[in-house]
Amino acid sequence: MLYTEKLMEHFTNPKNVGVIENPDGFGEVGNAKCGDIMQMYISVNDKEEITDIKFKTFGCGAAIATSSVATTMVKGKTIREALKITNKEVIEALEEIPAVKVHCSVLAEQALKSAVSDYYTKRGIDPTPIVGIIDESAAHH
Ligand code: FES
């Protein structure tokens, strides 16, 4: 089977799709491999917990499913905990995804990093030591 049941479930009924008005952080990245775009919005409270997260993508079904599951894993966590979630863990939560689709799953990770960078930059904090370098080839401006 090419797509697991879990993946199909998140594709058919994705969680956290949409937009947050006046987000604390906003990120947008493009996928270097396919050119698809991902936008991510986060709300953050004063304990640096991600209280809400929404995404919008022009990516494929695998991008939608991985972003859906990634956002459910991130929601309620602190920014630092959220940044520790690896792409591998996201894929494991979906059991597996086809190898040719792994590049799609990176979109959510990069978009979250981009949104967190925006959050810190708005507060006058240099995000690089916290977030690391966002893959420039994936960054879309
Ligand atoms: Fe572009 Fe999957 S083919 S995100």
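Here the structure is a predicted model, which is why all the values come from computation and not from measurement. (Residues numbered from 1 in each chain as written. Predicted model: local features only at pLDDT ≥ 70, side-chain atom pairs only at ≥ 80, totals over all residues. Heavy atoms only, no water.)

### A short note on the environment of Gly25
Turning to its location among the elements, Gly25 is positioned in strand S1 (residues 25–30). For Gly25, a relative accessible area of 0% translates into the label buried. As a C-alpha pair, Gly25 and Pro127 span 102 residues in sequence and 12 Å in three-dimensional space. Every residue in contact with Gly25, bar those within four places of it in the chain, is listed here: Met40, Tyr41, Ile42, Ala115, Asp118, Tyr119 and Lys122. (Helix = DSSP H or I, 4+ residues; strand = E, 2+ residues; numbered from the N terminus. Buried < 20%, exposed > 50% of the residue type's maximum accessible area, 1.4 Å probe, protein only. Contact = heavy atoms within 4.5 Å.)

### What to know about the packing of aromatic side chains
With the rule as written, the count across this model stands at two aromatic pairs. Geometrically, the ring pair formed by Phe26 and Tyr41 is tilted, given 5.0 Å between the ring centres and 50° between the ring planes. Within this pair, whereas Phe26 is found in strand S1, its partner Tyr41 is found in strand S2 (residues 37–44), the two being separated by 15 residues in sequence. Look at Tyr119 and Tyr120: their rings are 5.1 Å apart centre to centre, the planes differ by 70°, and that puts the pair in the edge-to-face class. (Phe/Tyr/Trp six-rings, centres within 6.5 Å; stacked < 30°, edge-to-face > 60°.)

### Comments concerning unusual backbone geometry
A positive phi angle is found at Asn22, which is not glycine, with a value near 50°. Structurally, Asn22 is set in the loop between helix H1 (5–12) and S1. Notably, Glu95 is not glycine yet its phi reads approximately 75°, a positive angle. Look at Glu95 and you get partly exposed, because its relative accessible area is 49%.

### Observations regarding the pattern of salt bridges
Applying the stated criterion across every chain yields a total of six salt bridges. Lys54 is the salt-bridge partner of Asp52, the closest N and O atoms lying 3.7 Å from each other. As a salt-bridge pair, Asp52 and Lys75 come within 3.4 Å of each other at their nearest N and O atoms. Here the residue Asp52 occupies a position in strand S3 (residues 50–57), and Lys75 occupies one in the loop between helix H2 (61–74) and helix H3 (79–84), the gap between them amounting to 23 residues. Sharing partners across several salt bridges, the network here consists of Asp52, Lys54 and Lys75. (Salt bridge = Lys/Arg side-chain N within 4 Å of Asp/Glu carboxyl O.)

### Structural notes on the environment of Leu2
Mapped onto the fold, Leu2 is located in the segment before H1. In this structure, the C-alpha to C-alpha distance between Leu2 and Pro14, residues twelve residues apart in sequence, is 19 Å.

### Remarks on the environment of Glu9
Examined against the element boundaries, Glu9 turns out to sit in helix H1. Note on Glu9: relative accessible area 49%, which makes it partly exposed. It is 37 Å that separates the C-alpha atoms of Glu9 and Arg123, two residues lying 114 residues apart in sequence.

### Quick look at the pairing of S2
With seven of its eight residues buried, S2 lies for the most part within the structure. Direction of pairing for S1 relative to S2: antiparallel, over a ladder of six bridges. For Glu28, the partnering residue across the bridge sits in S2 and is Gln39. Counting the residues in the hairpin turn of S1 and S2 gives six residues, including Gly35, whose phi is positive at 80°. Here S2 runs beside S3; their pairing, made up of seven bridges, is antiparallel. Within S3, the residue paired with Gln39 across the bridge is Lys56. The hairpin formed by S2 and S3 contains five residues between the paired strands, and Glu48 there has a positive phi angle of roughly 60°. (Pairing = 2+ DSSP bridges.)

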